[in-house]
Amino acid sequence: MSDHAVLHVKGRVLAGPDDVRDELWVVAGRISYDRPAGARDVRTVQGWALPGLVDAHCHVGLGPEGPVGPDVAEKQALTDREAGTLLIRDAGSPSDTRWVDDRADLPKIIRAGRHIARTRRYIRGYAHEIEPEDLVAYVAREARRGDGWVKLVGDWIDREVGDLAPSWPREAAEAAIAEAHRLGARVTAHCFATNSLRDLVESGIDCVEHATGLTEELIPLFVEHGVAIVPTLVNIATFPQLAAGGAAKFPRWSAHMRRLHERRYDTVRSAHDAGIPVFVGTDAGGSLPHGLVAAEVAELVTGAGLPPLTALAATTWEARRWLGRPGLDEGAPADLVVYDADPRADVRVLAEPRRVVMNGRVMG
């Protein structure tokens, strides 16, 4: 398409879960629901259109050993784009990916800066590894570097204990979260275990990643404080393999990881039923491949038993609202995905995008 071309998307445009329109137009890269006067050089795309999908836990620029170069990061972002993911909340990366913002053909990224972890209590090469007395300063640093989010590692294996244990004393977490909020950033935390959750939630955390340790006792606390979760079920699926690898050296941790895995679906369903906001995230990057957003939505539906429309909203309309980004709104950047069938009826449709449109241009 030329810069002056007009794109006409027709069929069914899902501007909201119950807001279905017959068509939209894209002029100069932006959405309009009014036919442009004198439109020429019109390209038509037909099908079921959704806002570009959201992966709310993704790591562009991160590989198994830590930061990767721009060539690898570009491939990661392109893989996500081809899967229909056009908005990423990058939940921690040691790489500088600001150059992605200059590329109209790559997903838009909302960054959380680099992970902040306790010394020798996270994957080597991923995080700033610090002690509690430095937490406020590092949170302030990453709040300024990010796009409105900061990522803490809330718990990890403590080798002396032989099991998962909280990373931060409550007073350190409270002060750090308060500082992030003062600077206009929200805070999220990697948490597998149960014993890290109460202090973080009562300290004002905004979101918890994975949340496998969420219990019936803690669910009302999350509801009271409005804390969202991003379950990353495609990542939790790796727990049995991780547990097997560490069983000989850390049997207590291994058994714990297996238990968390076994009740993962019940955990997510209970959270949803209680009214905790649940959003789609894959944890792509590091050890997991990119482009898994459709698989995560399917896990929420077929595994955790969430209603299909709820799971779909968790990667489209509600996810974008949560992150403060527009969907298929009048005048918004035309970032959308077109499918052959209604994804509300069967979320498996998400695995096969017919067309991906970024900033008004049909990709591929």
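Once a new chain begins, its residue numbering starts again from 1 and follows that chain's sequence as written. Only residues with pLDDT of at least 70 are given local features in this predicted model, and only at 80 or more are side-chain atom pairs given and counted; all residues enter the totals for whole chains, interfaces and linings. With hydrogens and water excluded, all non-hydrogen atoms of the structure serve as input to the side-chain values.

(A) The arrangement of the overall build of the chain in detail. The secondary structure listing takes helices from DSSP runs of H or I that are at least 4 residues long and strands from runs of E that are at least 2 residues long, numbered from the N terminus. The helix and strand inventory of the chain stands at 12 helices and 20 strands. Against the 2.2 N^0.38 benchmark of 21 Å for 364 residues, the chain shows a C-alpha radius of gyration of 21 Å, consistent with a compact globule. When the backbone C-alpha atoms are referred to their principal axes, the chain occupies close to 70 × 40 × 35 Å. By the burial criterion, 56% of the 364 residues in the chain qualify as buried. What makes two residues a contact is simply this: any of their non-hydrogen atoms within 4.5 Å. A separation threshold of at least 6 residues defines the contact pool for the chain, and within that pool the share at least 24 residues apart is 66%. Residue-level accessible areas treat just the shown protein chains as cover; the underlying method is Shrake-Rupley with a 1.4 Å probe. Working note: accessible area of the chain is about 14,900 Å², and carbon and sulfur atoms make up 48% of it. Positive: Lys, Arg. Negative: Asp, Glu. His and the chain ends are not part of the count. Where a charge lies is defined by one atom per residue type: Lys uses NZ, Arg uses CZ, Asp uses CG and Glu uses CD. Between the mean site of the 43 positive side-chain charges and the mean site of the 52 negative ones, the chain shows a separation of 3 Å. Taken over C-alpha atoms, the radius of gyration is set against a globule rule of 2.2 Å times the number of residues to the power 0.38. Any residue under 20% of the maximum accessible area for its type is buried, any over 50% is exposed, and the rest in between are partly exposed; the area is computed with a 1.4 Å probe on protein chains only.

(B) How the structure looks around the packing of aromatic side chains. Each aromatic pair joins two rings of Phe, Tyr and Trp (for Trp, the six-membered one) with centres within 6.5 Å, and gets the label stacked for planes under 30 degrees apart, edge-to-face for over 60, and tilted for any other angle. The final tally for this structure, using the stated rule, is six aromatic pairs. Taken together, a centroid distance of 4.2 Å and an interplanar angle of 10° make the contact between Phe279 and Trp322 stacked. One end of the pair, Phe279, is in the loop between α9 (264-274) and α10 (293-303); the other, Trp322, is in helix α12 (residues 317-323), and 43 residues separate them in sequence. We classify Phe279 as buried; its relative accessible area is 6%. Here the aromatic residues Tyr122, Tyr126, Trp156, Phe192 and Phe239 are joined through ring pairs into a cluster of three or more. The ring of Tyr33 has Arg21 lying over it, and the distance from NZ or CZ to the ring centre is 4.1 Å. One cation-aromatic arrangement involves Arg264 over Tyr265; the distance from NZ or CZ to the ring centre is 4.1 Å. Only when the NZ of Lys or the CZ of Arg is both within 6 Å of the ring centre and within 35 degrees of the ring normal is a charge said to sit over the ring.

(C) Local environment of the layout of surface pockets. Buried and open spaces are told apart on a 1 Å grid over the protein atoms alone, a cavity being a set of points where a 1.4 Å probe fits but cannot get out and a pocket being an open set with protein on both sides within 12 Å along at least five of seven lines. Residues with an atom within 4 Å of a point are the lining residues. Grid points are joined across faces, edges and corners, and a volume is the space filled by probe spheres set on the points. Approximately 960 Å³ is the volume found for the largest pocket. Tyr122, Ile123, Arg124, Trp156 and Ile157 are the residues nearest the centre of the largest pocket, which is lined by 35 residues in total. At four residues, helix α7 (residues 239-246) tops the list of elements feeding residues into the lining of the largest pocket.

(D) Broad picture of the pattern of salt bridges. Counted as salt bridges are all cases of a side-chain nitrogen of Lys or Arg within 4 Å of a carboxyl oxygen of Asp or Glu. Tallied over the full model, the rule gives 25 salt bridges. A salt bridge links Asp147 to Arg111; the shortest N-O distance between them is 3.0 Å. Here Asp147, found in the loop between α2 (135-145) and β12 (149-153), pairs with Arg111, found in strand β9 (residues 108-111); they are 36 residues apart in sequence, far enough to count as distant. Exposure remark for Asp147: the relative accessible area of 26% places this residue in the partly exposed category. When the shortest N-O distance is used, the salt bridge between Arg198 and Glu217 registers 3.9 Å. Placement of the pair is Arg198 in helix α4 (residues 197-202) and Glu217 in the loop between β16 (207-210) and α5 (219-225), with a sequence separation of 19 residues.

(E) Highlighting the sheet that holds strand β18 (residues 336-339). Pairing between two strands is assigned when DSSP locates at least 2 bridges connecting them. Overall, mixed pairing links the seven strands, which are arranged β3-β2-β1-β4-β18-β19-β20 in an open sheet. The open sheet terminates on both sides in strands that have one partner only, identified here as β3 (30-32) and β20 (361-362). With three bridges joining them, β18 and strand β19 (residues 355-358) adopt antiparallel strand pairing. Its bridge partner being in β19, Val337 is matched across the sheet by Val356.

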